[in-house]
Structures are given as C-alpha cells and as structure tokens.
Amino acid sequence: MKWIRWRGLVAFFIVMAVVSAFWFIFIDGIIERFIEKKGTSIVGAKVELEKADLSLFPLGLTLTGLQVTDPGSPMRNAVEAGRIAFLMDGMNLLLRKVTIDEMTVSGVRLNTPRKSSGAIEKPAPGRHEEPPFITFSIPDVDEVLKKEDLESIRLAGELESRVKEDREKYEKALKSLPDEKRIEAYEERFERIKGKAKTPAEIFAKANDLIALRDDIKADAGLVKTLASDVGKTASYYRERVEFASGAPARDVKRLTEKYALTQQGLMNLSKVFFGGQIYAWTDKVLMWRERVDKVSRVYKAEPEVEVKPRGRGADVRFPESDPVPDFLIRKALVSVNIPSGDISGEVLDITGDQQITGRPIKFRFSGTRLKGLDSMSLIGEVNRVVPEAAKDFARFDVKGYRINDFILSEGGSLPIAFRKGLADFSVNANIRDFKLDAALNAALSGLDLAAGKADEKNPFLRAAGEALSDVKGFGLNAAVDGTVDNYGLNISSDLDQVLRESAGRVVAKKAALFQAELSEEINSKVAAPLSQAKAQLSSITGIQKELDERGLLMDRLIEEITKNLQVKGFKIPGLPF
Amino acid sequence: MINSIAKLLSILNSGTDPSQISLGFAFAMVAGLTPFFGVHNLVVFLLVMVLRVNLSAFILGTAFFSALAYGLDPLFHVMGLKLLTWDAMRGVWTDMYNTSIFKVARFNNTIFMGSIVFSVLLFVPFVLAGNLLIRKYRKHILSYVEKTRIVQAWKATGMYRMYQSYRDLRSRL
C-alpha cells in the first residue's frame, strides 16, 4: 500500500491559501475589536476605533478614528486621534512581542464631545469633595438647629441620665452600709468593755474584747471607705464632664458659625473656594490616568512565573529570556495635537509596560510656539517604573502669555465670576515618588477685566465682594498639593483673599456676630435644663460622699479610742496576737 | 448522534486499511485535544493530507476529541503546570522559551503542554490498539452489525447512496 498521497500536499497548500485569504480579509476587524476590547478594559470606559488597516509588506498597521472616552465624563472623549500609523518588527511579532520603532500620531484632539455615552460602568465619584460652597447668606437659626447634631445637647442629656443612675446606685449602697445607729452601738459596746479590770484574767478578757470590737469596726470602716473612695472618684469624673458639657454650647456655636456664616478666617481662604474644586478635579484626573497607565506595567522576573489566563485557557509560564524584549514597545511616538490655539507637536519615547527590561522610563516632551492667543507652552515629563517598587513620575507644564477671553471661573452660585480679558502666565510642577505626591501651581494674571457678582444683588456681603473683585486688575495664585496619591491636601493662597478681606470683612463680621448671638441663646436654652439636672444629681453624689466620709471619720476615732484603752501595750505573750 | 454513529460504522465497515482509520483517529486525537489554532496543528494537517490517512476518521475524530477536550482541560492544565514548573526540566524549558519556533508554538501554555504530552504519549498505543480493535471488529462483529436496524437505516439514506457512488467512482479512477 502506498503511504504517501501527493495530491494531499497540493490540497494542503490550497486549503492553507484559502485560510490565509480569509485571515487577511478578517484580520483588520479582529485587530479593531482587539484594540477596542483591550483599551476599554484598561481605560474603564469605551475605546472605539473607526478602522484598522494591516499591511503585510512592509508589516505595518494604520489606525483611523481612535476615540478614548473620559471615564469621569462619559459624554466626552479624553483623547481623539485622527490617524495612528506604524511599522512593526515581524520576527518579534511571531514571538508575540510588539516592537514599534516609530509611530506617527496625528490629528490628536483633547476633551471632545461624544455622540453617545462611552460609559461601561458608573463613573467613580471624585476622590475629593468639592470645597464647601459658600452661599453668602446666613440661614435661619431654627433650621440650622433642626438639621445639626449638637454636641452640647447630646452631652447634657447623656450626662443627666448617667449621673442620675449612679446617684441612685450609691444611695442604695449607702443604705446597706453601717449607719450612725451602728456606730452608736459600737460606742455603747466600747463603754461596756472599757470598765476597770483587776485580775490578769480580767485584763486579758478586756483586751480580747476590745480587739474583737476594733476588728468589727475596722471591717465596717473598710466598707465605708471603699464606697467613699468610689463615690469620690465618680464625683470627680462627673465634675470634669459637667465642666466639659458646660463648654459644649460654646463649641457648637463656634462650629456652626464657621459652617454657616462667613468668618474672617473663612474669608482668608476664599481663593480655595473659587479655584480649589478645579484644581482638585485636575489633580484627580491626572492621578486617574496615571493609575490606568500603571495597569499595563509588568514586572519582569528572572525566575519562572505563572501568568494565569481566563478559565479554559490555562496559564502561561514565563521563563527568563536570554535577551529580554518587552512584550510591547514603542521606541518613539511623534504626536501632533490640535488645540484651539493651533498645533502642538511632541514626542513620547520608550512606551512600554516593561521598563525594567529597557532600563529607560517613558519620557514625553511637547511644545508649541507661534500659537494664537498664546506666546508659548511646553510640557515635559517622565513616567519611571524602571524600579517598579520605587515609582518616580514628574511633569512640568509651562504656559506663557495666555490671553484670556471670556473665561468663566464660576457661573452659577451666589457670586458669578468671569474674566472678560486678561493675560496669564502659569507653571505646574508635579512629582510623585512612590506614593508621595508633591505638586505646585504658580499663576500670575494681569491686565484683567473682571466681572463679578450680579447687577441686582441685595446681599450686602456679595455686593461688597462683587464690587471689590470687579476692580481687580491682576492677582497671583499659588497652589500646593501635598500628601499621598490616595489622600492629599490642597493649599491655595491668592491676592484675592486680601482684596475680599478688606472689602467685605466688616459686613461679614457684623452678620456673623448676629448669627452667633442668636445661635448661642437658642443652644443655651436647650441645654440649660438637662445640664442643671445633671449638676443637681452630681451635688447629691457629693452629699453621699460627705456622709460616707463622716461615718468613716467617726469609726476611725472610735478605733483610735479603743487602741488607747488597750492596757497591754508593749506587753507580749508568745502565741497571743497582741 | 445517530448520524455520527452511523458514519463511524460506515468507516469501520468499509474496506479501508485499519491502519489508515486508526491513524486518522490518532491524528484527530492530537488535533482535537490540543488547542485548535496552533502551529502544531498545521503539522498535523499536513501529515493527515500527505499520508494516506482516512480523512473521514480524522474529521469525525476531531469533532469527538474537541468536545472531549472541554472536559479534560482542567486535567491538561494541572499536567502542563506540573511539567512546566518541574525543576529538572527548567533548563530545557528555558532554552525552548528562547527559541522562536517553540515560542510561536506556545509550548509554555499549561493546557497546550498538558494536552500535547497526553496526546503524543497515547498516539502509538492508540494506533496499535485501534488496529487490533478494528480487525477484531471486522472479524467477529461486522456481520452482526450489518444486520442491525441502525445500519439498515443508514444504508437506506440518500447520504449513504451518495457515499456508495463516490466509492465506486474512486475505485474506477
């Protein structure tokens, strides 16, 4: 029998050719879906691609119409790229390594609107609450007291019931202890024993009786003193608590005044109210994208490691490579970004999740000159994961001569602020080492034409603040972000604070004093009854303590008297206890 | 299901050499149990086409073993993981990992490693046992099977008549 079927060889090649043709027809769609799926899983919001086009000779890929949804704002694209084109290293691709020497990214636009939502999950809430929005109007005291939990009322109520409970407990205990009658009985017993003894036998009997009496009194005195000490400690504790509770109304008044009424202190930080929300939002956004970028970082190990795949697809065991090559590497990406002022060009170097292998961080550098309404801008930075456990990132963003035109700082609310015209220079420096975040923003605005407040404003503070701000021609702003990436704080200082403090400070102080007085009266009236009850109960406890002290004193005196009457002082017979 | 059994019986009852049938099933075992889209299966297909292997047995067997593989994947994963993390073999695996052809074949995947070792180890015993069983079947059971209703029903179908015509045509060529 012939074992070779030569016609089969021809059939094999025909089948392979057909399969390859089908593969080539469908591969663009497969790549498109792969990029969309992988990108969506990394970003946490829809990543969409209009078209992917693979060319075999030379091996390269062109992507058209890439849209990356902003996870925090699903109706907007964080980035849109018109065209991305690159050539790939075919040999490395066979080894499942994507190596791109140079990539061209053109037609990049930032923060563009989307036709449909790109959300795949509910957007995560911002890491920071917006700074408290100051309404510049003082609310009604009754309404404030209705919705606020007052420490003073809570403390006074608790204290009243606890002191009452303890007073009852001690009164009951006092009744069960030796009282005046019992002490009188001891005195009578003492009188009976202390008569004259003549014979040695009588002397010993008398001494024995006195010692027995003294022991009985000592036992009772011990009980009385133990309770007296307990009552004393409790009374002392409650005295402190009463004093603390008495101070609570003042603390409540201070807290609520700061919360609901503008104070001089609050005025000092108004720039945080105006600018803080925006700076928090920008910082959170940068940190969110940094977190997304970290998702693709991988730690290369010189030991075999098991990379678990989804169920049914086993696990890939990675072994050390003799000449390690990153799974994914773009050596250089040339990027051209369209912003309303013109085009900004830049480059991103060594984009990879395996920086440990390349030994080089991702570096980016963008700059633009001769832009419309902007003298110059530059952005440089580095994402360094070369030592994965010691991440180091930095970025510096400088803008010079940015001409402001109708920029609305706060639209709604009580004090709308808009810059009609002006010139701004600003720089941002940000560093993240491990988890420690340290960033600073310095801005100088000049030649301002500022519109603040409403024309028909009736609130005196808002009117004063609006007028003062409208006269501002320039100011400086310094913001410092400090802390960890999960928990950071923001400090902002600005010349605006001084302007507002001077212009509207008096109005604020007057209004705040009025609110404070009303609040204080209301809280004190609510707290007075339970607090006075608590004080009365405490006074009863103090009375119990006095009573116990007196009994203890009487018993001590009696013990002393008995000891004096023991005539065998200094006389010791072996075997006797005295 | 009945159709598959009938097809199997048809293959077994045909005059094809038992080695061709058992080889077809053995290659099907490799192609079906291992991950289907892999470079190794190109080699399997090439061998199936070039060697005079029974194609019907291969196609039927591939379908059967592919279904079986779903149930056996956890076993292959455990086997593959043991082999790939076996210290004694670490040097070999590392060398293979640094060789393009093996890396392209994705030998470092636990299911691939488990299933390929399993199917290759069983390949020769499977062929030998297959040969033996087919011969025994033809000698002792064939005449009985020919009379069973399922075979009678199969022979009455259009597909069988078409298959017969095809066989006649091939014998004349």
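As the structure is a computational prediction, the values presented were derived from the model and not from experiment.

Undergrad: How should I be thinking about the overall build of chain B in this particular structure?
TA: A tally of regular secondary structure across chain B gives nine helices and zero strands. Along chain B, helices and strands appear, N-terminal first, in the series α-α-α-α-α-α-α-α-α. A total of 173 residues make up chain B; the buried ones form 28% of that total. Taking all contacts inside chain B whose residues are at least 6 apart in sequence as the whole, residues at least 24 apart take part in 86%.

Undergrad: How should I be thinking about the overall build of chain A in this particular structure?
TA: Secondary structure assignment for chain A yields eleven helices and 15 strands. Counting only residues that meet the buried cut, chain A has 25% of its 578 residues in that class. The long-range fraction of contacts in chain A, counting pairs at least 24 apart against all pairs at least 6 apart in sequence, stands at 67%.

Undergrad: Would you mind showing me how to read the interface of chain A and chain B here?
TA: A common way to express how large an interface is: the accessible area buried when the components associate. Each partner contributes residues to the interface: chain A has 23 residues there, and chain B has 26 residues. Going through the elements one at a time, α1 (6-43) and β6 (315-318) of chain A are the ones with two or more residues in the side of chain A that touches chain B.

Undergrad: Sorry, what's going on with helix α4 (residues 55-84) of chain B here?
TA: Counting along an α-helix, one turn takes 3.6 residues, and residues three or four places apart therefore face a common direction. In this model α4 of chain B runs just 34 Å from its N-terminal to its C-terminal C-alpha over 30 residues, more than 12% under the 44 Å that 1.5 Å per residue would give. Within α4 of chain B, the axis deviates most sharply at L72 of chain B, by approximately 60 degrees, and proline P74 of chain B lies no more than four positions further along.

Undergrad: Any chance you could explain the nonpolar core here in plain terms?
TA: Where a protein is soluble and globular, its nonpolar side chains tend to be buried together. Residue and element names in this part refer to chain A. Of all hydrophobic cores here, the largest spans 75 residues; its most connected members are A156, V231, A465, A479 and I541. At 17 residues, helix α11 (residues 495-565) tops the list of elements feeding residues into this core. Looking at this core, you find at least three residues from each of domain 2 (141-263 + 523-565) and domain 3 (269-298 + 353-519). With residues near it in sequence (within four places) discarded, A156 still touches A245, V527, P530, L531 and A534. By size, the runner-up hydrophobic cluster in this structure holds 22 residues, among which are A78, A81, M103 and I344.

Undergrad: What's the story with the environment of S532 of chain A in this structure? I'm lost.
TA: All names here are of chain A. On the secondary structure map, S532 appears in helix α11. Overall, S532 belongs to the exposed group, with 12 C-beta atoms counted inside 10 Å. With 372 residues separating them along the chain, S532 and E160 place their C-alpha atoms 8.5 Å apart.

Undergrad: Before we go on, may I ask you to explain the packing of helix α5 (residues 180-193) of chain A against helix α6 (residues 200-260) of chain A in this structure?
TA: Helix packing geometry: the angle between the two helix axes and the distance between the axes. Residue and element names in this part refer to chain A. Packing of α5 against α6 leaves a shortest axis separation of 10 Å and a crossing angle of 170 degrees. Taken together, the axis directions place α5 and α6 in an arrangement best described as roughly antiparallel. Contacts from R182, Y186, R189, F190 and I193 of α5 reach α6 at K206, D209, L210, L213, I217 and D220. Residues of the contact of α5 with α6, tallied by class, amount to six nonpolar, no polar and five charged.

Undergrad: Could you clarify how one ought to interpret the confidence of the model for chain B in this entry?
TA: Interpreting fine coordinate detail is not advised for predicted regions of low pLDDT. Of all residues in chain B, 92% have pLDDT values of 70 or greater, and the mean over the chain is 85. Across chain B, element-level confidence peaks in helix α2 (residues 18-33) of chain B with a mean pLDDT of 92 and bottoms out in helix α1 (residues 2-13) of chain B with 68.

Undergrad: Please clarify how the environment of P361 of chain A should be interpreted in this entry.
TA: All names here are of chain A. Along the polypeptide, P361 turns up in the loop between α9 (355-358) and β9 (362-371). Spatially, the C-alpha atom of P361 lies 8.1 Å from that of I351, the residues being ten residues apart in sequence. Setting aside chain neighbours within four positions, we find P361 in contact with D350, Q355, E382, V383, N384 and V386.

Undergrad: Sorry, what's going on with the pairing of strand β3 (residues 73-88) of chain A here?
TA: Regular strands place their side chains on alternate faces of the sheet. All names here are of chain A. Across ten bridges, the pairing between strand β2 (residues 60-70) and β3 is antiparallel. The partner of T62 across the bridge, within β3, is A85. Where β2 folds back on β3, the antiparallel hairpin that results is connected by two residues. Sheet topology note: the β3/strand β4 (residues 98-113) ladder contains ten bridges and is antiparallel.

Undergrad: Can you help me understand the packing of α2 of chain B against helix α7 (residues 110-146) of chain B in this one?
TA: Residue and element names in this part refer to chain B. For the pair α2 and α7, the least separation of the axes is 8 Å and the interaxial angle reads 155 degrees. Considered as vectors, α2 and α7 are oriented roughly antiparallel to each other. Judged by the sense of rotation from one axis to the other, the crossing of α2 with α7 is right-handed. Taking contact as the criterion, the partners of P18, S19, I21, S22, L23, F25, A26, M29, V30 and L33 in α2 are, on α7, S115, F118, S119, V120, L122, F123, F126, V127, G130, N131, I134 and R135. For the contact of α2 with α7, a count of residues per class yields 15 nonpolar, six polar and one charged.

Undergrad: What is the right way to read unusual backbone geometry from this model?
TA: Peptide bonds are trans in most cases, and residues, glycine excluded, mostly fall at negative phi. All names here are of chain A. Between F57 and the following residue, P58, the backbone shows a cis peptide bond with an omega angle of -5 degrees. In this structure, P58 sits in the loop between β1 (47-55) and β2. The phi dihedral of N111 falls on the positive side, at around 55 degrees, and the residue is not glycine. Checked against the element boundaries, N111 lands in strand β4.

Undergrad: Is there a simple way to explain α2 of chain B in this structure?
TA: With 16 residues, α2 of chain B ought to run about 22 Å at 1.5 Å a step, and its terminal C-alpha atoms sit 22 Å apart, in line with that. Buried residues dominate α2 of chain B, accounting for 14 of its 16 residues.

Undergrad: Got a minute to help me understand the pairing of β4 of chain A in this structure?
TA: Both β4 of chain A and strand β7 (residues 328-339) of chain A contribute to a ladder of nine bridges, which runs parallel. Within β7 of chain A, the position partnered with R109 of chain A by the bridge is N338 of chain A.

Undergrad: Just to check I follow, could you spell out the environment of P460 of chain A for this structure?
TA: Residue and element names in this part refer to chain A. When you line up the elements, P460 lands in helix α10 (residues 460-470). The exposure class assigned to P460 is partly exposed, which follows from the 15 C-beta atoms found within 10 Å. Through-space distance from the C-alpha of P460 to that of K511 is 9.8 Å; in sequence the pair is 51 residues apart.

The rules behind each value
- Residues numbered from 1 in each chain as written.
- Chains lettered and ligands numbered in written order.
- Predicted model: local features only at pLDDT ≥ 70, side-chain atom pairs only at ≥ 80, totals over all residues.
- Helix = DSSP H or I, 4+ residues; strand = E, 2+ residues; numbered from the N terminus.
- Buried ≥ 20, exposed ≤ 12 C-beta atoms within 10 Å, placed from the backbone.
- Contact = placed C-beta atoms within 7 Å.
- Expected span 1.5 Å × (residues − 1).
- Bend = angle between axes of the 7 residues up to and from the residue.
- Core = buried A, V, L, I, M, F, W, Y, C linked by C-beta atoms within 7 Å.
- Domains from an automatic or database assignment.
- Axes fitted to C-alpha atoms, helices over the stretch in contact; angles between N-to-C directions.
- Parallel < 35°, antiparallel > 145°, perpendicular 65-115°, else oblique.
- Nonpolar A, V, L, I, M, F, W, Y, C, P; charged D, E, K, R; others polar.
- pLDDT = per-residue confidence, 0-100.
- Pairing = 2+ DSSP bridges.
- Left-handed = near helix turned anticlockwise from the far one by under 90°.

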